[in-house]
Amino acid sequence: MGGGFIAILRRDLLLAFRNRGEIANPVIFFFIVVTLIPLGLTPEASRLAEIAPGILWVMALLASLLSVDGLFLSDYRDGTLEQLVISPQPLYLMVLAKILAHWLISGLPLTLLSPVLGMMLSLPKEGYLPLVASLFMGTAVLSLVGAIGAALTVALRKGGLLLSLIVVPLYMPVLIFGSSAVQRAVDGFSVQGPLAVIGALLAFSLLISPFATAGALRVGMHG
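Q: Any chance you could explain the packing of aromatic side chains here in plain terms?
A: For any pair of aromatic rings, geometry is given as the distance between the ring centres together with the angle between the planes. Counted according to the given criterion, the structure contains two aromatic pairs. Residues tyrosine 92 and phenylalanine 211 carry aromatic rings whose centres are separated by 4.6 Å and whose planes lie at 25 degrees to one another, so their mutual orientation is stacked. On the criterion of sequence distance, the pair formed by tyrosine 92 in helix H6 (residues 91–120) and phenylalanine 211 in helix H9 (residues 192–222) is long-range, its members being 119 residues apart. Look at tyrosine 92 and you get partly exposed, because its relative accessible area is 30%. Look at tryptophan 103 and phenylalanine 136: their rings are 5.2 Å apart centre to centre, the planes differ by 90 degrees, and that puts the pair in the edge-to-face class. With tryptophan 103 in helix H6 and phenylalanine 136 in helix H7 (residues 128–153), the pair connects residues that are 33 residues apart, well separated along the chain.

See below:
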């Protein structure tokens, strides 16, 4: 079982590095949109600091949504997904490996880039650690939840719009508590509550998402 998990993880990471656009697209989107915010609103540091937590989290959510659409799509098109479904290996474990690979090539780079973009938006220094911590856990939740929607729409033509309608409402708690953690840190309050909620969402998603995604794939592949 562990061998199959590692094999899928290595395969997806190798394919991502061979097609570096898959890694670059969410990061470039995140960087460009956040860079344009001061140009479109105001360059005043005080005004930017007020909106920085929400802006950074909204852009991270949209960047994650941009990449989750292709989580299973290429495997569906080349027949690999069919082999995974009929494989003797547990499908939920294979799905978990693919979700982990997706987070490593999309969520983790966004998390590491966030302090630089926080500086561009004049985020106060108190907000940097909660920003990184909330994005580290929150982007993992986005990948886990997004995988369910990607599995449900993988066999549909132009399922991207339907995917957005499915997963965006489920993303809202992560967005609310993630931006709240950063804002509370900036305002001088404790961030333990919002971060604990995001941690609980991550634990629940880890428990539910691989099985729900595996079931959705079987439904999508075989009806």
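Back to the write-up after that little detour.
Q: I'm lost on helix H8 (residues 160–187) in this one. Help?
A: Taking 1.5 Å per residue as the helical rise, H8 with its 28 residues ought to reach 40 Å, and the 38 Å between its terminal C-alpha atoms agrees with that figure. At valine 168, H8 shows its maximal bend, which comes to roughly 35 degrees, and the proline proline 169 appears one to four places after that position. Trailing H8 by a residue or two, glycine 188 shows a phi angle of about 90 degrees, which is positive.

Q: Explanation requested: the environment of glycine 54 in the structure shown.
A: Within the secondary structure, glycine 54 sits in helix H3 (residues 45–68). Residues glycine 54 and glycine 149, 95 residues apart in the sequence, show an inter-C-alpha distance of 24 Å.

Q: I'm lost on H7 in this one. Help?
A: Every α-helical turn comprises 3.6 residues, leaving residues that sit three or four positions apart pointing alike. Given a rise of 1.5 Å per residue, 26 residues ought to cover 38 Å, and the 36 Å separating the end C-alpha atoms of H7 matches this to within 8%. For H7, the buried fraction is high: 20 of the 26 residues fall into the buried class.

Basis of the calculations
- Residues numbered from 1 in each chain as written.
- Predicted model: local features only at pLDDT ≥ 70, side-chain atom pairs only at ≥ 80, totals over all residues.
- Heavy atoms only, no water.
- Phe/Tyr/Trp six-rings, centres within 6.5 Å; stacked < 30°, edge-to-face > 60°.
- Helix = DSSP H or I, 4+ residues; strand = E, 2+ residues; numbered from the N terminus.
- Buried < 20%, exposed > 50% of the residue type's maximum accessible area, 1.4 Å probe, protein only.
- Expected span 1.5 Å × (residues − 1).
- Bend = angle between axes of the 7 residues up to and from the residue.

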